[in-house]
Amino acid sequence: QVQLVESGGGLVQAGGSLRLSCAASGRTFNTYVMGWFRQAPGKEREFVARIVWGVGNTDYLDSVKGRFTISVDNAKSTVYLQMNSLKPEDTAVYYCAAGQYWSAEPVKYIYWGQGTQVTVSS
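These remarks concern the structure in this document.

Spatially, the four strands line up as an open sheet ordered S1-S3-S8-S7, and their pairing is antiparallel. Edge positions in the open sheet fall to strand S1 (3-7) and strand S7 (68-73), since each of these has one partner strand only. Strand after strand, the sheet turns through a mean of 15° between neighbouring axes, direction not considered. When S1 meets strand S3 (residues 18-25), the two strands line up antiparallel, connected through five bridges. Among the inter-strand pairings, Gln3 is bridged to a residue of S3, identified as Ser25.

Next up on the list: the side chain of Thr116. Relative to the helices and strands, Thr116 is located in strand S11 (residues 116-121). For Thr116, a relative accessible area of 10% corresponds to the buried category. A distance of 3.1 Å separates a polar atom in the side chain of Thr116 from the backbone nitrogen of Gly9. Here Thr116 is in contact with Glu6, Ser7, Gly8, Gly9, Leu20, Ala92, Val93 and Tyr94, once residues within four sequence places are set aside.

Turning next to the nonpolar core. The biggest cluster of nonpolar side chains holds 31 residues, and the ones touching the most others in it are Leu4, Met34, Trp36, Leu81, Met83 and Tyr94. Residue assignment for this core shows that the elements contributing at least two residues are S3, strand S4 (33-39), strand S5 (46-52), S7, strand S8 (78-83), strand S9 (92-99) and S11. Core analysis: the next-biggest nonpolar cluster, separate from the first, contains five residues, Val33, Phe37, Ala97 and Tyr109 among them.

This part covers the state of the cysteines. By the definition in use, this model includes one disulfide. For Cys22, the disulfide goes to Cys96, at an S-S distance of 2.0 Å. Because the torsion about its S-S bond is -80°, the bridge between Cys22 and Cys96 counts as left-handed. Taken together, the residues span a long stretch of sequence, with Cys22 in strand S3 and Cys96 in strand S9 at a distance of 74 residues.

What counts, and where the lines are drawn
Residues numbered from 1 in each chain as written. Predicted model: local features only at pLDDT ≥ 70, side-chain atom pairs only at ≥ 80, totals over all residues. Heavy atoms only, no water. Pairing = 2+ DSSP bridges. Helix = DSSP H or I, 4+ residues; strand = E, 2+ residues; numbered from the N terminus. Axes fitted to C-alpha atoms, helices over the stretch in contact; angles between N-to-C directions. Buried < 20%, exposed > 50% of the residue type's maximum accessible area, 1.4 Å probe, protein only. Polar contact = N/O pair within 3.5 Å; in protein donor to acceptor, adjacent residues only side chain to side chain. Contact = heavy atoms within 4.5 Å. Core = buried A, V, L, I, M, F, W, Y, C linked by side-chain atoms within 4.5 Å. Disulfide = S-S within 2.5 Å.

In short, geometric facts, not functional conclusions.
Okay, structure coming up:
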């Protein structure tokens with residue numbers, strides 16, 4: 001079992017920055033691929049970024065490349081999503097997820113956090 005708790009969401013103006021955190025716990029949490037997804041009202045959940053825990057391999061949604069950075073702090077058992085140069089279109093509920101595959105598909109992730117709201121004003 002893996003438990004994920006997101007935090008760090010909030011309201012920010014366009015061009016601003018925000019750092020999301022995902023605290024992970026569980027016996028085998030450090031063996032999973034960790035991903036960030038987002039979902040806006042009326043839209044499908046979309047992949048944002050993923051990382052292999054303890055290895056450092058990363059991948060990003062094209063529209064966030066150069067602006068977002070996913071990272072892991074092994075000592076704190078926490079996954080981060082640093083979001084810079086935020087745009088109104090980044091507004092969504094952001095979810096942390098854990099899975100056993102190097103995938104951008106939500107269905108491939110087994111464990112999910114409760115989500116944290118990110119709102120970017122223009």
